Amino acid sequence: MSNRLLSEKSPIVGIVLGSQSDWPVVQHAAATLAALGIPYEARVLSAHRTPHEAFHYASGARERGLKVIIAAAGMAAHLAGVMAGLTPLPVLGIPLASDAGKMSHGFSGMDSLLSTVQMPGGIPVATFAIGKPGAVNAALFAAAILALSDQAIAAALDQYRAAQTAKVLEAKLDGENA
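Residues numbered from 1 in each chain as written. Predicted model: local features only at pLDDT ≥ 70, side-chain atom pairs only at ≥ 80, totals over all residues. Heavy atoms only, no water.

**Structural notes on the overall build of the chain**
Stage number 1. Helix and strand content of the chain: seven helices and six strands.
Stage number 2. The helix and strand sequence of the chain, counted from the amino end, reads β-β-α-β-α-β-α-β-α-α-β-α-α.
Stage number 3. When burial is assessed residue by residue, the chain has 42% of its 178 residues classed as buried.
Stage number 4. Within the chain, residue pairs in contact and separated by at least 24 positions form 66% of the contacts whose partners lie at least 6 positions apart.
Stage number 5. Summing over all exposed atoms, the chain offers an accessible surface of approximately 9500 Å²; the carbon and sulfur share of this is 57%. (Helix = DSSP H or I, 4+ residues; strand = E, 2+ residues; numbered from the N terminus. Buried < 20%, exposed > 50% of the residue type's maximum accessible area, 1.4 Å probe, protein only. Contact = heavy atoms within 4.5 Å. Areas by Shrake-Rupley, 256 points an atom, 1.4 Å probe, with all protein chains shown as cover.)

Written out as structure tokens, the structure reads:
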């Protein structure tokens, strides 16, 4: 995956991930944005292996029309911090459990969580849960930011939340009478 776009509309959310292997988790952020009708782009960029490309992506993000960046990475998880250091846009970090971390240290993403959340004062990254829950919540948080100035996104987010509430209230337990 070099670059994915939701639609022909100009993307307003950028999703960057440190490796192609992160997509099975990060695609949940993309799917959530798509369900809310929010145009996004997704790219693989590594803070360590493609630093020049990461620099160009982040430093030109606002001028390209992006309003929020979601950055997901495992292990050292520097991608969100690099993005935040290079753009004034809100950066939402998704820490990921890496296969290397699981096999060699058993960190299960805790190393990534700590790397993403421990930012120096003045370079904020909003950090979410490890893995799929973090991916979904980062997309919903991006939607909440965008909803402050976009009524269509606000309505879609309200509808999403109402559907979640209804699903919980309609849930039946095994053996429960209808």
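**What to know about the pairing of strand β3 (residues 40-44)**
Stage number 1. In the sheet, strand β2 (residues 13-17) pairs with β3 via five bridges, with the strands oriented parallel. Its bridge partner lying in β3, Val16 is registered against Arg43.
Stage number 2. Since β2 and β3 lie parallel, the crossover through helix α1 (residues 23-35) that links them has a hand, and here it is right-handed. (Pairing = 2+ DSSP bridges. Right-handed = clockwise from strand over helix to strand, strands pointing away.)

**With respect to the nonpolar core**
Stage number 1. Grouped together as the largest cluster of nonpolar side chains are 33 residues, with contacts concentrated most on Val13, Ile15, Leu33, Ile38, Ile70 and Ile94.
Stage number 2. Of all the secondary-structure elements, those providing two or more residues to this core are β2, α1, β3, β4 (68-74), β5 (91-96), α6 (132-147) and α7 (151-170).
Stage number 3. Considering each element in turn, this core owes the most residues, nine residues, to α6.
Stage number 4. Setting aside residues no more than four positions away along its own chain, Leu33 makes contact with Val13, Ile15, Ile38, Tyr40, Ile70 and Ala139.
Stage number 5. One finds Leu45, Tyr57, Ala58 and Ala61 within the second-largest nonpolar core, a separate group that totals 19 residues. (Core = buried A, V, L, I, M, F, W, Y, C linked by side-chain atoms within 4.5 Å.)

**Notes on the pattern of salt bridges**
Stage number 1. Counting across every chain of the model gives one salt bridge.
Stage number 2. When the shortest N-O distance is used, the salt bridge between Arg64 and Glu41 registers 3.3 Å. Of this pair, Arg64 sits in the loop between α2 (51-59) and β4 while Glu41 sits in strand β3, and the two are 23 residues apart along the sequence.
Stage number 3. The class for Arg64 is partly exposed, based on a relative accessible area of 38%.
Stage number 4. Take Glu41: its relative accessible area is 9%, and that puts it in the buried class. (Salt bridge = Lys/Arg side-chain N within 4 Å of Asp/Glu carboxyl O.)

**Quick look at a nonpolar patch on the surface**
Stage number 1. A contiguous nonpolar surface patch, about 260 Å² in accessible area, is contributed by Met110, Leu114 and Val117.
Stage number 2. Structurally, the position occupied by Val117 is in helix α5 (residues 110-117). (Patch = residues over 30% accessible without salt bridge, like charges linked within 9 Å, V, L, I, M, F, W, Y side chains within 5 Å.)

**A few points about the confidence of the model for the chain**
Stage number 1. Here the chain shows a mean pLDDT of 90. Residues at 70 or above account for 89%.
Stage number 2. Low pLDDT, under 50, characterises residues 100-104; the predicted model gives this stretch six contacts beyond four residues in sequence or across chains. (pLDDT = per-residue confidence, 0-100.)

**As for α2**
Stage number 1. Buried within α2 are the following residues: Ala54, Tyr57 and Ala58. Within α2, the buried residues cover an arc of 90° as seen down the axis, which keeps them to one side. Exposed positions of α2 whose direction lies more than 90 degrees from the buried face are His52 and His56.
Stage number 2. Packed against the buried residues of α2 are β2, β3, β4 and α3 (79-86). (Arc of directions from axis to C-beta.)

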